[in-house]
Amino acid sequence: GTSTTEVNIAAILARNGFETIVIELQQGRPGTLSLYAQADPPHGLNSLLKKPADAITPSDLQACLVEALSGLYLLCPTASPGTWRVLGSDHVHAIIAAARRVCRFVVLDLPARIDEGIAAALKLSDSVTMIVDREASSVHCGAAFLEQIRLAISRSKEVRLVVVDRTSPEVPLPLEDITKQLKIHPLAVIPAAGAAIALSQAARTPRVL
């Protein structure tokens, strides 16, 4: 539920007059963000990664953006065959720097792994939020991932927690148990909204929940 949550957060910012870019920092395949693109992007994140990092300009980035709604822009990966390369920190720095020159807010959709590029993205972020499903295996994995995040960033930077009711188990994990395992009190709990999300993706328009 991470990408869906992030694109809705970005939609809130855009609808309040703040131009916002959402960047899905992964390679090799289109992800959830591409569902909100009104048209298939001719270029995407992959196009920027083919350029030398020090040659990436705000204009290059703008040529790869897709407008989801007024003031909300998406930078999506496109499908690429073969072995996926690890995102280098130099490209991550260059892409985020260009995005910050184009829009007021930049929202990063990061994969559930820590490598050189993702560590760089975490260090550049003003705010870091981890999203977990309200079920045991997600929280168990989240506890281990949280330690990786904290090793990658300054200890003085707070990591926030959002819980999503995406899996809808018969007995959702109590919030008290999630807080105990992760040692963080959830900032928000997002209720299950499968039908609303399906409608918003069919309409290719983020729906703020």
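The structure under discussion appears in the preceding block.
Counting restarts for each chain, with residues numbered from 1 along the sequence as it is written. Totals for whole chains, interfaces and linings use all residues, but because this is a predicted model, local features are given only for residues with pLDDT of at least 70 and pairs of side-chain atoms are given and counted only at 80 or more. Values reported for side chains reflect all heavy atoms of the structure, with hydrogen atoms and water molecules removed beforehand.

This part covers the packing of helix 4 (residues 89-102) against helix 5 (residues 116-124). Each axis is a line fitted through C-alpha atoms, taken for helices only over the stretch in contact, and angles between the N-to-C directions span 0 to 180 degrees. Put simply, DSSP H or I for four residues or longer makes a helix, DSSP E for two residues or longer makes a strand, and each gets a number counted from the N terminus. In contact at an axis separation of 8 Å, helix 4 and helix 5 are set at 35 degrees when each is read in the N-to-C sense. Handedness of the helix 4/helix 5 crossing: right-handed. Between helix 4 and helix 5, the residues in contact are Ser89, Val92, His93, Ile96 and Arg100 and Glu116, Gly117, Ala120, Ala121 and Leu124, respectively. Just so you know the grouping, Ala, Val, Leu, Ile, Met, Phe, Trp, Tyr, Cys and Pro go in nonpolar, Asp, Glu, Lys and Arg go in charged, and all remaining residues, Gly too, go in polar. Among the residues making up the contact of helix 4 with helix 5, the classes are represented as five nonpolar, three polar and two charged. Rotating anticlockwise by less than a right angle from the far helix to the near helix defines a left-handed crossing, while the corresponding clockwise rotation defines a right-handed one. Only heavy atoms enter the contact rule, under which two residues are in contact if any of them lie within 4.5 Å.

Here Glu6 lies in helix 1 (residues 2-15). Excluding its chain neighbours within four sequence positions, the residues that come into contact with Glu6 are Val107, Leu108, Asp109 and Leu110.

By the secondary structure assignment, Val7 is in helix 1. On the basis of relative accessible area, Val7 is assigned to the buried category, the value being 0%. Distance in space between the C-alpha atoms of Val7 and Val208 is 8.6 Å, their sequence separation being 201 residues. Discounting chain neighbours no more than four positions away, the residues touching Val7 are Leu33, Tyr36, Leu72, Leu74 and Pro206. Only protein chains enter the accessibility calculation, which uses a 1.4 Å probe. A residue is then buried if its area is under 20% of the maximum for its type, exposed if over 50%, and partly exposed in between.

For the rest of this paragraph, the subject is helix 6 (residues 136-152). In this model, helix 6 (17 residues) spans 25 Å end to end at C-alpha, consistent with the 24 Å of a helix rising 1.5 Å per residue. Listed as buried for helix 6 are Ser138, Val139, Gly142, Phe145, Leu146, Ile149 and Ala152. In this analysis, the expected span of each helix is defined as 1.5 Å times one less than the number of residues it contains.

This paragraph deals with the packing of helix 6 against helix 7 (residues 175-182). Interaxial distance between helix 6 and helix 7 falls to 9 Å at its minimum, and their mutual angle equals 30 degrees. The angle between helix 6 and helix 7 falls in the class roughly parallel. Once helix 6 is placed against helix 7, the crossing between them reads as right-handed. Contact residues: helix 6 offers Val139, His140, Gly142, Ala143 and Leu146, while helix 7 offers Ile178, Gln181 and Leu182. Broken down by class, the residue content of the contact of helix 6 with helix 7 amounts to five nonpolar, three polar and no charged. We call two directions roughly parallel when the angle between them is under 35 degrees, roughly antiparallel when it is over 145, roughly perpendicular when it lies between 65 and 115, and oblique otherwise.

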